[in-house]
Amino acid sequence: MQQTIQHIIQQAPYKVHMFVKDFKTNQFIIQERFDEPFSSASLIKVPILIAVFDYIEQHNVSLHQVLTIRPEDWVDFSVISEQRITTSSIYELLVWMITASDNTATNVIIDFIGLETLNTYFWNIGLTQTRIQRKMMDFERLAEGMDNSTSARDMAHLFSRIYDQNLLTPPYNQLVIDILCRQRFHDCLRRYIADDIKLAHKTGSLDSVDHDVGILYNNAQDYCIGVFITEVTENELARQLIGRLSKVIYDNRIIWKGEAT
């Protein structure tokens, strides 16, 4: 399996960052460009989700509190913008932010909690290479070099803690997993997997990157996988690449013993 993975990575036209962690042994099977930071795209929405749950717990805020959405908040790639919605509960915004990767919902949530609060929380839970410097679709700040970033190591750490359910109190820990399982984009990690799998995951895509990271629940063989493609010139090819790598891991999961790195 290791040779197959390395062959695919070496033949890839883009840069591949990747990890696979077996939760049964708590060991990594694959670590590729594990510590190199990259543009997070919509992966940043997962730590935002958890930071908001922590915030509302700490400040005794209702998950059903309604926030105002101004017309100037509407941005592209948003079901909220499509419907011209002007109010929404925190819960609905969080669900849309993850399941539809809604950019309007994300920006309203960022305004609600604040960039500084988010970055402080990321650091406090061990995300040392994850930073948010701009809202979604803010290409002016992006042109100035202010981007949102993360790394394979940070995503492995985050999703391991999501799996262990030790970031929040029990109701919210489970809610995070439930929302991630409702993800609507399935053209990467589960692209070539025919089985009806349970996958708690999040995708992220820009013109130059394509990512997918998540937890695959498979009885006693639960595992976490993240594949992050950078220097992309054609997104569809990058998503196919993620699907191929994911399929190799899935098909070989029963022979991992002794392969951990």
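What you are looking at is a predicted structure, and each value in this text was computed from that prediction instead of being measured. (Residues numbered from 1 in each chain as written. Predicted model: local features only at pLDDT ≥ 70, side-chain atom pairs only at ≥ 80, totals over all residues. Heavy atoms only, no water.)

Asks: For this particular structure, what's the right way to read the layout of surface pockets?
Replies: To find leftover empty space, a probe the size of one water molecule is rolled over the atoms. Of the voids in this model, the largest pocket is the one considered here, and its volume is about 710 Å³. Around the largest pocket, the lining is made up of 32 residues, and of these Ser 42, Phe 77, Ser 101, Asn 103 and Ser 205 lie nearest the centre. Counting residues per element, the ones that place at least two in the lining of the largest pocket are helix 3 (79–83), helix 7 (139–143), strand 7 (198–206) and strand 8 (209–217). Sorting elements by how many residues they give to the lining of the largest pocket places strand 7 first, with five residues. The residue makeup of the lining of the largest pocket, split by class, is eleven nonpolar, eleven polar and ten charged. (1 Å grid on protein atoms, 1.4 Å probe; cavity = no way out; pocket = protein on both sides within 12 Å on 5 of 7 lines; lining within 4 Å. Points joined across faces, edges and corners; volume = space filled by probe spheres on them. Helix = DSSP H or I, 4+ residues; strand = E, 2+ residues; numbered from the N terminus. Nonpolar A, V, L, I, M, F, W, Y, C, P; charged D, E, K, R; others polar.)

Asks: How do you make sense of the side chain of Ser 88 when you look at a structure like this?
Replies: In this structure, Ser 88 sits in strand 5 (residues 87–89). Side-chain polar atoms of Ser 88 contact the side chain of Glu 92, separated by 3.1 Å. Setting aside its immediate chain neighbours within four residues, Ser 88 contacts Gln 65, Val 66, Leu 67, Ile 69 and Leu 93. (Polar contact = N/O pair within 3.5 Å; in protein donor to acceptor, adjacent residues only side chain to side chain. Contact = heavy atoms within 4.5 Å.)

Asks: Sorry if this is basic, but what is going on with empty space enclosed by the protein here?
Replies: Counted by the stated rule, this structure contains one cavity of 30 Å³ or more. Approximately 40 Å³ is the volume attributed to the largest cavity. What lines the largest cavity is simply Ile 50, Ile 162, Leu 167, Leu 168, Asn 173 and Val 176. Counted by class, the lining of the largest cavity contains five nonpolar, one polar and no charged residues.

Asks: Mind showing me how you'd approach helix 2 (residues 45–58) here?
Replies: Note: α-helices contain 3.6 residues per turn, so residues at a spacing of three or four share the same orientation. The end-to-end C-alpha distance of helix 2 is 20 Å, a good match for the 20 Å that 14 residues give at a rise of 1.5 Å each. The buried fraction of helix 2 amounts to eleven of the 14 residues, a majority that puts the element mostly inside the structure. Where helix 2 is buried, its residues touch helix 4 (90–99), helix 5 (103–113), helix 6 (115–124), helix 8 (152–164), helix 9 (170–181) and strand 7. (Expected span 1.5 Å × (residues − 1). Buried < 20%, exposed > 50% of the residue type's maximum accessible area, 1.4 Å probe, protein only.)

Asks: I would appreciate a short explanation of the nonpolar core in the present structure.
Replies: Generally speaking, a soluble globular protein has its nonpolar side chains buried in company with each other. Core analysis: the largest hydrophobic core is formed by 58 residues, its most contacted members being Phe 19, Ile 48, Phe 53, Leu 158, Phe 159 and Ile 162. Sorting elements by how many residues they give to this core places helix 2 first, with eight residues. Discounting chain neighbours no more than four positions away, the residues touching Phe 19 are Phe 28, Ile 30, Phe 34, Ala 152, Met 155, Ala 156, Val 213, Cys 224, Ile 225, Gly 226 and Phe 228. (Core = buried A, V, L, I, M, F, W, Y, C linked by side-chain atoms within 4.5 Å.)

Asks: When you look at the packing of aromatic side chains in this model, what are you seeing that I'm missing?
Replies: Between two aromatic rings, the relevant description is the distance of the centres plus the angle of the planes. Applying the stated criterion to the full structure yields nine aromatic pairs. Taken together, a centroid distance of 6.2 Å and an interplanar angle of 80° make the contact between Phe 19 and Phe 28 edge-to-face. Since its relative accessible area comes to 18%, Phe 28 is described here as buried. Connected via pairs of aromatic rings, a cluster forms that spans Phe 19, Phe 28, Phe 34, Phe 38 and Phe 228. Looking at Lys 198, its charged tip hangs above the ring of Tyr 217, at a distance of 4.6 Å from the centre. (Phe/Tyr/Trp six-rings, centres within 6.5 Å; stacked < 30°, edge-to-face > 60°. Lys NZ or Arg CZ within 6 Å of the ring centre and 35° of its normal.)

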